[in-house]
Amino acid sequence: MHHLDFLDICAIMLGIWFTISKLDAQGRRAEAFPHVPLAEFERWRDWTVSIFRLGSTVCFLRVVFHQGWMYYVTKHVVDAPAAPKSLVIPALLMDVLFLGTVAATFIRGSRARELRRRLGIVLQPLSAKEAAALAPEDESKAATKPD
């Protein structure tokens, strides 16, 4: 690795956060939310996973690009006081792509959370009262129920 700059560190942290969010949504099962119609639950889950997949991919792509670009730039001698546009523009475009995708991920993630709330999908642990309401009434049914 050549060097990590501030945006690389931010990209790594956001990439990890987006990946965890993606995996969390991906691991949710409709059976845990019987009050939500299956099609609506799958729409929310697929949309949320796609939002965070794109965000994490661009974050990690930015780090890989930056390392490769720094290696490429060090192989070119610049005699002028400033680097030529051919060396500056690709890096700027990647940063614009990164920052735009991060902003879009936050905005779209907020909309996905709003849809989740509207559907009544609660991701926090259930209270004892809520768990009892969702549990089968007869213990023998729970023991014989196939998973």
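Above this note sits the structure.
Nothing here was measured: the structure is a model prediction, and the numbers come from that model.

1. Concerning a nonpolar patch on the surface
A surface patch of nonpolar side chains, about 340 Å² in accessible area, is lined by Val88, Ile89, Leu92 and Leu93. Among the secondary structure elements, Ile89 is positioned in helix H3 (residues 85-119).

2. Quick notes on the side chain of Thr101
On the secondary structure map, Thr101 appears in helix H3. On the basis of relative accessible area, Thr101 is assigned to the buried category, the value being 11%. Within the local environment of Thr101, its side chain forms a polar contact with the backbone oxygen of Leu97, the two atoms lying 2.8 Å apart. When sequence neighbours within four positions are dropped, the list of residues in contact with Thr101 reads Leu54, Gly55 and Val58.

3. Some remarks on the pattern of salt bridges
The final tally for this structure, using the stated rule, is six salt bridges. Notably, a salt bridge pairs Arg28 with Asp24, separated by 2.8 Å at the nearest N-O pair. Exposure remark for Asp24: the relative accessible area of 34% places this residue in the partly exposed category. Note that Glu114 and Arg118 form a salt bridge whose closest N and O atoms lie 4.0 Å from each other. Residue Glu114 and its partner Arg118 are both found in helix H3; the two are separated by four residues, about one turn of the helix. The exposure class assigned to Glu114 is partly exposed, which follows from its relative accessible area of 44%. Its relative accessible area of 62% is what places Arg118 among the exposed residues. Beyond isolated ion pairs, a larger network of salt bridges with shared partners links Asp5, Asp8, Arg62 and Asp95.

4. A word on the environment of Gly100
Note that Gly100 resides in helix H3. The sequence separation of Gly100 and Gly55 amounts to 45 residues, and the corresponding C-alpha distance is 9.8 Å.

5. Details of H3
With 35 residues, H3 ought to run about 51 Å at 1.5 Å a step, and its terminal C-alpha atoms sit 50 Å apart, in line with that. Listing the buried residues of H3 in full gives Leu87, Met94, Phe98, Thr101, Val102, Thr105, Gly109, Ala112, Leu115, Arg116 and Leu119.

6. A look at the side chain of Thr48
With respect to the helices and strands, the residue Thr48 is situated in helix H2 (residues 38-74). Taking the relative accessible area as the measure of exposure, Thr48 reaches 5% and is therefore buried. Here Thr48 is in contact with Ala25 and Ala112, once residues within four sequence places are set aside.

Parameters and conventions
- Residue positions within a chain follow its written sequence, with the count starting from 1.
- Given that the model is predicted, a residue must reach a pLDDT of at least 70 before its local features are reported, and side-chain atom pairs must reach 80 or more before they are shown or counted; all residues, however, enter totals for whole chains, interfaces and linings.
- Side-chain metrics rest on all non-hydrogen atoms present in the structure, leaving aside hydrogens and water.
- In this scheme, patches are assembled from residues that exceed 30% relative accessible area and form no salt bridge. Like charges are connected within 9 Å, while nonpolar side chains (Val, Leu, Ile, Met, Phe, Trp, Tyr) are connected within 5 Å.
- Using the Shrake-Rupley algorithm and a 1.4 Å probe, accessible areas are obtained, with residue cover drawn only from the displayed protein chains.
- The term salt bridge refers to a pairing of a side-chain nitrogen on Lys or Arg with a carboxyl oxygen on Asp or Glu at a separation within 4 Å.
- Where helices and strands are cited, they refer to DSSP runs of H or I of at least four residues and of E of at least two residues respectively, numbered from the N terminus.
- Each residue's exposure class comes from its accessible area (1.4 Å probe, protein chains only) as a fraction of the maximum for that residue type: buried when under 20%, exposed when over 50%, partly exposed otherwise.
- Under the rule applied, a polar contact is a pair of N or O atoms within 3.5 Å (in protein, one hydrogen donor and one hydrogen acceptor; residues adjacent in sequence only if both atoms are side-chain atoms).
- Whether two residues are in contact is decided by their heavy atoms, any of which lying within 4.5 Å being enough.
- What a helix is expected to span follows from its residue count: subtract one and scale by 1.5 Å.

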